[in-house]
Amino acid sequence: MNEQEKMRTRAKELHAAGIIKQVLAWEAGAFPSYPAPAFFTKPNAFEKIVYNEFCTANLSKYVINITEKTLIFLRPCDAHSFAQLVKENQVKRENTYVIAVGCEGCVQVDEGEARDLLESCRTCTKTDYPLFDEEINTQNNPRESTNKAARFAEVTRLDSEENTARYAFWQAHFSQCIRCNACRNICPTCHCKECVMDSDHPLDGQFYHAIRALHQDGRCTDCGQCSRVCPRGIPVHLLNRKLIYTSNK
Amino acid sequence: MRIGVFVCHCGSNIKATIDAEYIAAQVQQDAKVVHAAEYPYLCAEGGQQKIINAVREYQLTGVVICACSPRMHENTFRKTAAKAGLNPYQIEIANIREQCSWVHKNKDAATGKALKLAKAAIARVKLALPLFAGESAVTKRALVIGGGIAGIQTALDIAEAGFAVDLVESTPSIGGKMAQLDKTFPTLDCAACILTPKMVDAAAHEKITLHTYSEVEEVEGFVGNFTATIRKKARSVDMKKCTGCGACWEKCPSKRIPSEFDCGLANRTAIYTPFAQAVPNVPVIDRATCIKFKNGRCGLCADVCQPAAIDFTQEDAVFTQEYGVIIAATGYQVFSLDAYGEYAYHDSKNVITSLELERLMNAAGPTGGKLQRPSDGKAPKKITFIQCVGSRDITRGKPYCSKICCMYTAKHAIAIKEKYPEAEIEIFYIDVRTPGKGFDEFYRRAVEVYGVRYIKGQVGKIAEMNGILHMQAVDLLENKRFDTTADMVVLAAAIEPSPGAKPLAQMLATPMDTLRFFSEAHPKLRPVESATAGIFLSGVCHGPKDIPETVAQASAAACKAIGVLAKDKLITNPCVAKVNDKKCTGCGRCIDVCPYKAISLESNAAEANPALCQGCGGCASLCPSNAMDLNGFTHKQVLAEVDALCR
Amino acid sequence: MQSPVYTCSLDNVTQLINRIAEKMPVYGDFGSSKTTLSPKGFFLPALEKLYETAKINDSYKITPAPPENAPFVLLGIRACDAAAIEILDGVYLNDPIDPQYKARRHASYIVTFACETMGANCFCQSVNINPAAPKGDVKAWVKNGTFFWLAQSEKGERLTELLLDLLERTIPAGNDLLPVEPPDSAPALPLPADMLSAFNAPVWDNLHRACIACGTCTFLCPTCQCYDISSHECTENSEKTHCTRQWDACLYPGFTQMAHGNPRPSKKERFRQRFMHKLVYHMQKYGTSACVGCGRCVNKCPVNMNIVKVAHVLAQEEVNAYV
Amino acid sequence: MSVKIVAFCCNWCSYAGADLAGTSRLNYPAQVKIIRVPCSCRVDVQFILRAFVRGADGVIVCGCHLGDCHYSTGNYHAEGRLTQLFSLLDFMGFERERVHLEWISAAEGAKFAATMDAFVTQVSALGKNERYRNMYTKAGAQNE
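Described below are features of the structure shown in this document. (Residues numbered from 1 in each chain as written. Chains lettered and ligands numbered in written order. Predicted model: local features only at pLDDT ≥ 70, side-chain atom pairs only at ≥ 80, totals over all residues. Heavy atoms only, no water.)

**So, the overall build of chain B**
- A count of helical and extended segments in chain B gives 18 helices and 35 strands.
- Taken over the C-alpha atoms alone, chain B extends approximately 90 × 65 × 40 Å along its principal axes.
- In chain B, which comprises 647 residues, the proportion classed as buried is 57%.
- Across chain B, every contact between residues at least 6 apart in sequence was considered, and the portion connecting residues at least 24 apart equals 68%.
- Here chain B has roughly 26100 Å² of accessible surface; of this, 54% comes from carbon and sulfur atoms. (Helix = DSSP H or I, 4+ residues; strand = E, 2+ residues; numbered from the N terminus. Buried < 20%, exposed > 50% of the residue type's maximum accessible area, 1.4 Å probe, protein only. Contact = heavy atoms within 4.5 Å. Areas by Shrake-Rupley, 256 points an atom, 1.4 Å probe, with all protein chains shown as cover.)

Structure representation (structure tokens):
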């Protein structure tokens with residue numbers, strides 16, 4: 001995984017050349033397998049940039065309404081989210097310098113140990129980068145064809161069941177929901193200034209997930225962050241994936 | 001907040017199945033309802049005065065009217081509120097007649113529902129913000145689509161009022177169906193004599209611009225600010241130079257083209273004017289049949305044309321023009337008789353439609369006015385007319401009565417008997433409908449003076465055998481079946497909207513009924529206005545009518561149009577979209593959903609132009625952060641209404 | 001006088017549990033490691049109904065929810081969670097005493113279990129908690145294959161009386177006891193010198209940016225104790241309403257939302273408040289930091305931001321990525 | 001207890017159709033309560049879900065026939081949005097028959113009455129709507 005070295009050197013070069021003011025990447029945390037998204041402004045801190053299979057956070061949402069020229073490293077899923085944000089005038093393309101980086105998928109971490117690949121990486125079908133200025137090792141994105149089949153497997157499995165079974169499946173999950181809004185706060189296409197579910201309480205929180213999924217209809221880039229961050233492990237990405245599935249048909 | 005609730009009895013229409021006192025009593029449980037009353041006729045003068053007095057006496061800030069549909073009297077009650085000094089948009093109507101008392105027989109159920117509807121209206125009025133109508137400019141120009149008598153009359157009336165009019169006609173000349181007629185009922189005066197002067201007036205009127213051989217391709221905008229794109233198809237003749245001398249169509253070698261104007265009973269040349277008195281009297285080259293256009297040879301017409309008006313290189317001219325109002329006058333066409341094989345219309349030349357008979361009887365027609373059988377040219381001694389072919393027939397035809405056939409068949413009978421007294425005429429009918437002025441007297445003369453035989457019955461089958469048409473028929477009055485023969489059979493075929501009506505309706509976004517007639521705003525109260533503001537209906541495009549009615553409706557449509565053009569500015573609908581720019585993230589999704597392109601992005605926040613916005617609400621329900629809202633139907637109001645109805 | 005130490009063999013520990021279960025409900029077990037959710041839910045449930053109001057013609061009748069004082073036992077509580085419960089007691093059992101919390105807390109029996117080894121992201125020793133010597137009504141531990149049971153409070157003795165026939169008294173030999181001080185001393189979690197320098201530290205500007213303010217850390221944290229009270233109309237008929245108390249998080253925009261707005265308008269202030277409360281404000285009032293080093297927030301934070309990183313960054317102040 | 005139905009009707013076509021059903025003195029069940037909206041595209045997903053949360057058992061949205069919309073493309077957007085909502089509700093296990101979208105013109109009073117009749121029978125067969133309100137509660141524990 002020598003992208004990390006290239007990323008550090010490019011960051012220094014671009015900063016030295018005055019092309020960029022700051023860098024958005026991942027930084028080693030207090031605990032080894034927990035790198036966090038971080039903004040780097042000082043060149044000597046660029047050494048702390050890390051890039052490994054534990055960098056699970058999607059960086060695109062952090063650049064909304066960014067004012068200074070920022071170098072940002074994007075993998076295929078981040079790149080699609082970033083492109084959607086540019087299309088929706090949430091980030092000015094000229095304020096960003098984008099380097100596309102290769103990605104072999106990230107792993108879930110629990111109690112310090114690496115578990116299996118993230119669900120979104122197991123079913124990832126993206127190999128292209130809609131917007132970028134430079135590339136690092138983008139050729140080695142291993143997207144086997146199995147991902148394409150796996151992507152909607154769960155959706156079609158649920159569809160084939162009785163709707164009472166589906167209801168039981170979702171009630172079991174949603175009754176665990178603590179409305180911490182992590183799925184909303186991490187979602188790149190969920191960028192309202194004031195979320196309608198907070199202020200107006202139109203539905204007293206009921207159907208929060210249905211409304212959120214419908215708000216992303218046609219915009220969701222299927223990056224899988226919503227399910228990854230859910231502390232209760234609710235597979236909310238399935239709702240968006242179902243909408244993508246029906247609109248593809 | 002001080003709300004007044006008024007429950008109408010509507011005579012017995014509401015009172016019969018809804019307990020009005022109970023509702024007036026129940027709504028007072030809401031602390032904000034300071035006054036509730038019921039009244040036999042709220043829409044009447046007395047009722048409105050009662051409301052005005054109550055608003056003043058109780059200083060009401062919101063009024064709820066439980067009565068008929070808002071589509072009926074919303075404006076009436078808004079004016080009443082304005083008179084009482086209340087903002088006209090702080091009044092809500094609960095529809096407890098059309099959608100409650102008239103559709104639910106059980107009194108308890110109806111009363112219970114009416115109370116719920118009243119509470120929903122109260123919930124809405126509590127959140128109703130005072131709204132102020134905006135203004136938008138009016139383009140002082142009218143567009144009339146369709147050059148028949150309806151379009152001509154409307155154009156003339158509007159022009160007389162001093163406004164510019166563009167009259168667009170798809171065929172090469174104005175005149176429409178009336179130009180094809182011979183005589184007109186009930187006075188038997190010749191159609192051309194009463195039509196051509198109006199055509200000439202229309203052409204000569206300095207306020208009217210004729211666009212014949214042209215079609216409307218696209219319409220945008222709204223009342224006072226329509227923009228139409230019109231395509232003037234290339235005539236291949238320069239209208240300024242052409243004197244209408246006719247040298248070209250005499251010399252044109254391609255002569256065997258069936259003339260649409262003569263319903264195919266005669267032929268025309270490739271370069272032609274539809275009929276002699278055509279206005280403008282400038283020919284058109286039919287490029288599909290002109291040899292010059294087909295294989296580049298010929299061009300004789302150009303050689304003989306002294307003023308050198310022929311121009312084969314002429315292109316279609318497409319132009320856009322602003323209009324304040326648009327009047328649809330697309331007229332009708334004869335219903336196709338393919339489904340009526342039993343009348344052998346397609347098999348025997350001597351079975352014709354009434355319009356074809358008009359051409360045969362017309363002095364300018366294919367036979368110079370002599371009534372001849374199309375098969376052998378002999379004068380028919382015995383003629384049979386069959387009424388309601390395709391009309392009043394829900395299985396294969398049109399469910400409606402075409403209204404004009406009884407009268408024009410009587411006219412044909414009288415006209416034939418006048419010229420050929422010895423001719424024998426039978427008319428098979430279901431009912432003879434003569435509702436107009438002097439109509440029944442006219443029909444009585446056909447029977448008593450001219451001896452026309454009216455048989456109440458149907459013809460089952462027609463077959464032509466060596467020149468004679470044999471018919472199996474039934475006489476319902478005598479209750480007997482009998483066979484009869486005739487030299488010629490005339491079918492009074494039904495009439496239907498012209499093919500151009502449906503695409504035009506979609507362009508104008510005006511509703512159409514299932515039979516492709518334009519839907520009027522209200523069958524009794526607003527017959528000449530379409531449901532879309534600024535678009536009016538003239539002639540048969542709205543429904544079957546005879547010439548007197550068409551002209552009357554044409555003038556009425558003109559009068560309504562003038563009502564708009566006469567204003568310098570129009571009051572715009574205040575129920576338009578508005579943006580809360582504190583919440584708007586500038587994502588621009590609402591821009592694509594707006595059919596009127598009323599939304600634009602200003603410094604990273606959306607903005608809706610009240611002059612363009614028509615208040616459909618598509619943007620408000622698409623906006624994820626509820627930044628976009630719709631006056632009059634705000635999120636809060638509809639949610640409150642849902643709560644009131646569901647609790 | 002310290003109460004006697006009892007033992008029993010490993011395999012009849014389940015008998016012990018069943019015996020207690022006959023008297024009162026038992027939650028938890030002497031499992032391999034600490035629970036995913038903290039035990040605070042037993043004393044301060046995520047959602048509880050405080051009272052109901054019903055409109056009877058034009059007056060209102062308020063019926064408070066009955067206090068839950070049925071006794072119950074929590075088994076296998078680790079040192080960090082036991083310390084956390086004490087921190088919660090400091091807040092909810094001092095003036096003004098919270099009746100709901102008090103009822104549940106007095107009805108509870110805490111049976112703690114000593115930890116032999118540290119979890120992957122545990123750092124209780126860094127906040128001077130000895131995993132081997134948990135507090136609680138009864139301390140249990142396993143050494144050389146035998147199960148030890150020591151009552152540490154009057155409640156603990158009452159619980160032990162139920163099990164006398166299953167336990168044998170013993171005088172633990174030297175190596176039966178667990179070491180008093182922590183097995184391997186981890187570096188102490190650095191605590192800011194004084195409140196003002198921590199509050200105005202420039203690092204907050206960058207430190208907060210990674211956080212997505214989802215509140216998972218406050219949800220899992222055994223010592224997070226803030227709640228929100230709201231009343232709701234009953235959906236069926238609008239005459240009845242119920243008032244509920246539910247967990248809240250200082251990271252949420254609506255947390256201290258007041259009429260004029262929110263004193264912590266942006267995520268930066270809210271992020272700072274979370275760690276200032278844990279590391280500084282609690283220390284000032286109760287003399288200990290409110291963090292018990294259980295590591296749940298480290299494990300579950302979706303963007304890998306946690307109190308250890310914040311503490312180190314706050315304390316170290318040397319030139320680093322965030323300045 | 002009879003089922004509660006909320007009908008969102010667009011002002012130009014289906015609301016006029018409902019009025020026509022009235023003027024023709026047709027009949028349909030009284031549980032149907034109509035909310036007037038300028039166009040079927042004004043029906044926000046929140047309104048439908050709010051109706052269910054507040055106790056409605058069935059929600060029907062009526063609009064102009066495609067191509068007839070007074071705002072030309074309103075019903076196309078409504079159809080797109082509501083098809084996605086209905087498919088999501090079905091995916092979440094809610095009874096798909098409790099929601100319906102129907103095009104009814106101003107001239108179709110009879111069709112309006114017939115549609116409402118059919119919809120009320122269809123929803124009554126499903127009975128009261130429990131699922132829509134209990135999705136977030138542990139098998140109905142909290143909601144009284």
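**Quick look at the packing of helix 11 (residues 354-361) of chain B against helix 12 (residues 405-419) of chain B**
All names here are of chain B.
- Orientation of helix 11 relative to helix 12, taken along the N-to-C sense of each, is 30 degrees, at an axis distance of 11 Å. Taken as axis vectors, helix 11 and helix 12 run roughly parallel relative to one another. The chirality of how helix 11 crosses helix 12 is left-handed. The segment helix 11 lies against helix 12, with S354, L357, E358 and M361 engaging Y408, K411, H412, A415, I416 and K419.
- When the residues that make up the contact of helix 11 with helix 12 are grouped by side-chain class, the tally is five nonpolar, two polar and three charged. (Axes fitted to C-alpha atoms, helices over the stretch in contact; angles between N-to-C directions. Parallel < 35°, antiparallel > 145°, perpendicular 65-115°, else oblique. Left-handed = near helix turned anticlockwise from the far one by under 90°. Nonpolar A, V, L, I, M, F, W, Y, C, P; charged D, E, K, R; others polar.)

**Remarks on the sheet that holds strand 4 (residues 99-103) of chain D**
All names here are of chain D.
- An order of 2-1-3-4 is seen for the four strands of this open sheet, with the pairing classed as parallel. Whereas interior strands pair on both sides, the edge strands pair on one side only; in this sheet they are strand 2 (32-37) and strand 4. Within the sheet, the average angular offset between the axes of one strand and its neighbour, ignoring direction, is 20 degrees.
- Two strands pair when backbone bridges link them, and strand 1 (residues 5-10) and strand 2 are joined in this way by six bridges, in the parallel orientation. Residue pairing across strands places C9 opposite R36, the latter belonging to strand 2. (Pairing = 2+ DSSP bridges.)

**Structural notes on the interface of chain A and chain D**
- If you look at the interface, chain A gives 33 residues, while chain D gives 29 residues.
- Carbon and sulfur atoms make up 64% of the surface buried where chain A meets chain D, a total of about 2800 Å² over both sides.
- Taken together, the connections running from chain A to chain D amount to one salt bridge.
- The shortest N-O distance in the salt bridge between A:R166 and D:D90 comes to 3.1 Å.
- At the surface where chain A touches chain D, the tally comes to eight residue pairs in polar contact (both at pLDDT 80 or more).
- Among the elements of the structure, helix 5 (153-160), helix 6 (163-174), helix 9 (208-215) and helix 11 (237-248) of chain A are those that each provide at least two residues to the side of chain A that touches chain D.
- For the side of chain A that touches chain D, the leading source of residues is helix 6 of chain A, giving seven residues.
- Residue classes in the side of chain A that touches chain D are distributed as 18 nonpolar, ten polar and five charged. (Buried area = accessible area lost by both parts, 1.4 Å probe. Salt bridge = Lys/Arg side-chain N within 4 Å of Asp/Glu carboxyl O. Polar contact = N/O pair within 3.5 Å; in protein donor to acceptor, adjacent residues only side chain to side chain.)

**What about the pattern of salt bridges?**
- The full count for this structure, using the stated rule, is 66 salt bridges over all chains.
- Each of the salt bridges in this network shares a partner with another, and the network as a whole consists of C:E48, C:E68, C:D98, C:R104 and C:R245.

**Comments concerning the interface of chain D and chain B**
- Opposite the 47 residues of chain D that make contact, chain B presents 49 residues.
- Contact between chain D and chain B buries roughly 4200 Å² in total, counting both sides, with carbon and sulfur atoms accounting for 56%.
- Looking only at chain D, the three residues that lose the most surface to chain B are D:K33, D:R36 and D:R42, adding up to 15% of its buried area.
- Between chain D and chain B we count four salt bridges in total.
- The residue D:R50 makes a salt bridge to B:D643 at a minimum N-O spacing of 2.4 Å.
- If you look at where chain D meets chain B, you find 16 residue pairs in polar contact (both at pLDDT 80 or more).

**Quick word on the packing of aromatic side chains**
- Within this structure, the stated rule accounts for 36 aromatic pairs over all chains.
- Here A:F152 and A:Y245 contribute two aromatic rings whose centre-to-centre distance is 5.2 Å and whose plane-to-plane angle is 50 degrees, an arrangement assigned as tilted. Here A:Y245 lies in helix 11 and A:F152 lies in the loop between helix 4 (146-151) and helix 5, a separation of 93 residues in the sequence.
- Relative to C:F271, the ring of C:W204 has its centre 6.1 Å away and its plane inclined at 75 degrees; by these criteria the two rings are edge-to-face. You can see C:W204 sitting in helix 6 (residues 204-207) and its partner C:F271 sitting in helix 8 (residues 267-286), a full 67 residues away along the chain. You'll find C:W204 and C:F271 in the same group, each marked buried.
- Of the aromatic side chains, those joined through ring pairs into one cluster are C:Y27, C:F42, C:F43, C:F72, C:Y92, C:Y101 and C:Y227.
- Directly above the ring of B:Y332 sits B:K177, whose terminal nitrogen or CZ lies 5.6 Å from the centroid. (Phe/Tyr/Trp six-rings, centres within 6.5 Å; stacked < 30°, edge-to-face > 60°. Lys NZ or Arg CZ within 6 Å of the ring centre and 35° of its normal.)

**A closer look at unusual backbone geometry**
- A cis amide bond, omega -10 degrees, links B:F185 with the succeeding residue B:P186.
- Mapped onto the elements of the fold, B:P186 is located in the loop between strand 8 (183-184) and strand 9 (189-190).
- Along the chain, C:D95 connects to C:P96 via a cis peptide bond; the corresponding omega equals -5 degrees.
- Counting through the fold element by element, C:P96 comes out in the loop between helix 2 (79-92) and helix 3 (99-106).
- A positive phi angle, close to 55 degrees, is found at A:N65, a residue other than glycine.
- Looking at where A:N65 falls in the secondary structure, it is placed in the loop between strand 3 (49-50) and strand 4 (70-74).

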